[in-house]
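Chain residues, written in single-letter form:
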Amino acid sequence: MGISGNLPVSNQIRAKVMSINGSYRFSTNFYVIPELSAQPTRAIKKDDLNLPVGMVLADENFNHPGPIDAILGAGICFDSVGVGLHRLPNGLTLQDSKFGWTVGGLLRDAASASFHKQSCHNATFIDDLKSSLERFWKVEELPPDVTNQKGLLDRELEEHFKTHTRIADDGRYIVRISLRGELNQLGDSIEQAQRRLLSLERKLSRHEDTYVEYRKFMREYLDLGHMAPVPAEKLHMVRYVIPHSCVIKPDSTTTTKLRVVFDASAESTSGISLNDIQAIGPVIQPDLLHIWLYFRTETVVVTEDIAKMYRQVWVAESDTWMQCILWREDASHSAKMYRLRTVTYGEASSSYLACRDVFEVGEEIRFSNPDFADAIQRSFYVDNLSLGAATSDELRVLRTGVERALMHRGMPLRKWASNVPSVIHDVPEEHLDTTVQIGDMQAIKMLGLAWNPTEDTFQLIIDNDFHLPVCSLTKRCLVQELPSSTIQLVSFSP
């Protein structure tokens with residue numbers, strides 16, 4: 001049996017394998033894929049095979065159809081092969097192994113000669129091209145109604161959130177990270193984090209300006225209390241060390257173009273990463289198309305972002321030991337261990353936890369201010385808030401109520417913009433969004449669109465791939481790019 005191509009691997013496990021008689025055993029990693037075919041395709045009478053007497057078979061029921069539980073790699077297979085080999089007249093081959101004698105080959109008999117049916121055992125995965133085509137035909141379909149986002153929440157995760165979420169002294173939420181695995185599945189991760197830190201330092205040493213920004217970012221992280229040093233006597237409590245690097249956003253409208261990102265998908269020595277054991281959680285915010293359509297139907301609108309959204313939520317002390325990092329400002333000094341104390345970008349559970357906390361703000365005020373609660377729960381797309389109303393007075397009241405509710409839980413709003421300046425006349429200038437030159441107009445980037453608040457007009461942002469010469473533009477490139485552009489076009493259509 002062979003497997004090729006890109007397979008959708010849903011999980012990875014480590015299991016112990018043992019022969020039937022217990023004389024051979026080992027541990028190895030297995031990847032979980034959708035399915036494997038059953039073998040053999042039909043039942044075979046063992047008495048008709050004339051097998052040698054006294055042989056201990058690896059599988060006494062090999063002649064009955066049944067599911068394949070796992071496929072062993074070539075390295076393990078060849079390591080288990082013994083020296084004994086028997087070829088039978090009926091076409092079967094018996095191979096000795098550490099598991100016992102294995103039976104295989106093409107069975108030649110009168111019954112099988114009359115069959116012309118063959119089985120091909122493989123596993124395939126639909127490639128990106130077909131998926132992109134399906135997306136292309138579905139972009140004009142409206143997503144399902146999102147009026148009851150609460151009903152989308154997974155019961156276990158919701159119960160975990162309600163049971164363990166607390167309020168800190170500063171008013172912010174303290175959350176626990178929900179796990180779908182066990183912490184003891186994680187192996188050692190310090191050595192890899194050390195190698196990645198050394199590699200990062202070598203790269204940054206060749207770009208001094210970026211190195212300065214990186215140090216500044218990490219210094220701010222420490223000054224705000226978002227990470228804390230680990231004392232030497234508590235190093236034994238560290239469960240996982242996350243490698244980190246940076247991304248540069250040259251077209252960013254903010255003053256900080258550098259962002260440090262954390263790679264919680266880095267495998268430990270057990271082959272398991274932190275993200276492998278974290279629960280991802282459901283999507284609880286409206287679809288992007290709903291946000292766009294709502295924004296278009298309102299007369300007066302305003303947009304803003306939650307500043308440092310993930311880092312406005314504390315992580316329970318006991319869970320910070322699974323999100324540690326190594327860092328030093330000077331390569332001549334020894335690296336120190338730090339605990340990240342907030343929800344961390346790059347972890348599988350972070351998006352759900354941050355969005356669920358925003359949703360919780362709406363829950364807290366639903367009884368006293370249902371309009372504000374609806375605005376919070378239905379107008380956010382990750383950290384971007386898009387509000388609208390019929391008049392500027394109505395929007396000003398809505399904006400102020402939402403802002404106060406979020407600020408009460410330590411979530412300040414920044415990057416304000418509105419098509420009616422009076423709605424945000426009291427917002428400090430440094431908290432207003434900055435326009436950039438896009439095409440022939442000044443605009444701000446809003447959820448993939450370019451919006452000019454002054455003229456209240458939109459402009460598409462087209463990838464550079466569309467500007468390639470016709471001879472270089474492939475069908476695959478078009479199919480991959482058209483769905484995102486078509487979604488934007490739908491928001492402009494009547």
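Everything discussed here concerns the structure shown above.
This report concerns the structure included in the present document.

Scoring rules and cut-offs
- Residues numbered from 1 in each chain as written.
- Predicted model: local features only at pLDDT ≥ 70, side-chain atom pairs only at ≥ 80, totals over all residues.
- Heavy atoms only, no water.
- Pairing = 2+ DSSP bridges.
- Helix = DSSP H or I, 4+ residues; strand = E, 2+ residues; numbered from the N terminus.
- Axes fitted to C-alpha atoms, helices over the stretch in contact; angles between N-to-C directions.
- Contact = heavy atoms within 4.5 Å.
- Core = buried A, V, L, I, M, F, W, Y, C linked by side-chain atoms within 4.5 Å.
- Buried < 20%, exposed > 50% of the residue type's maximum accessible area, 1.4 Å probe, protein only.
- Polar contact = N/O pair within 3.5 Å; in protein donor to acceptor, adjacent residues only side chain to side chain.

With respect to the sheet that holds strand 13 (residues 324-327)
In spatial order, the strands read 8-14-13; together these three strands make up an open sheet with antiparallel pairing. Edge positions in the sheet fall to strand 8 (227-229) and strand 13, since each of these pairs with one other strand and no more. Strand-to-strand twist across the sheet, computed as the mean angle between neighbouring axes with direction ignored, equals 35°. Looking at chain direction, strand 8 and strand 14 (residues 336-340) are connected through three bridges and run antiparallel. For Pro 229, the partnering residue across the bridge sits in strand 14 and is Tyr 338. Taken strand by strand, helix 5 (residues 190-205) contacts strand 13 and strand 14, and its axis lies near 40° from that of strand 13.

Quick word on the nonpolar core
Core analysis: the biggest nonpolar cluster contains 75 residues, and Ile 376 and Leu 406 have the highest contact counts within it. The leading source of residues in this core is helix 9 (residues 350-365), at eight residues. Contacts of Leu 406, omitting those with residues within four sequence positions, involve Val 358, Val 361, Ile 376, Phe 380, Met 411 and Leu 413. Core analysis: the next-biggest nonpolar cluster, separate from the first, contains twelve residues, Trp 292, Ile 444, Met 446 and Leu 447 among them.

Topic: the side chain of Ser 270
Position of Ser 270 relative to the elements: it lies in the loop between strand 10 (258-262) and helix 7 (274-277). A polar contact is formed between the side chain of Ser 270 and the side chain of Ser 268, at a distance of 3.1 Å. Here the side chain of Ser 270 touches Ile 272 through a polar contact of 3.4 Å, landing on its backbone nitrogen. Apart from residues lying up to four places away in sequence, Ser 270 is in contact with Arg 14, Asn 29, Gln 185, Leu 186 and Gly 187.

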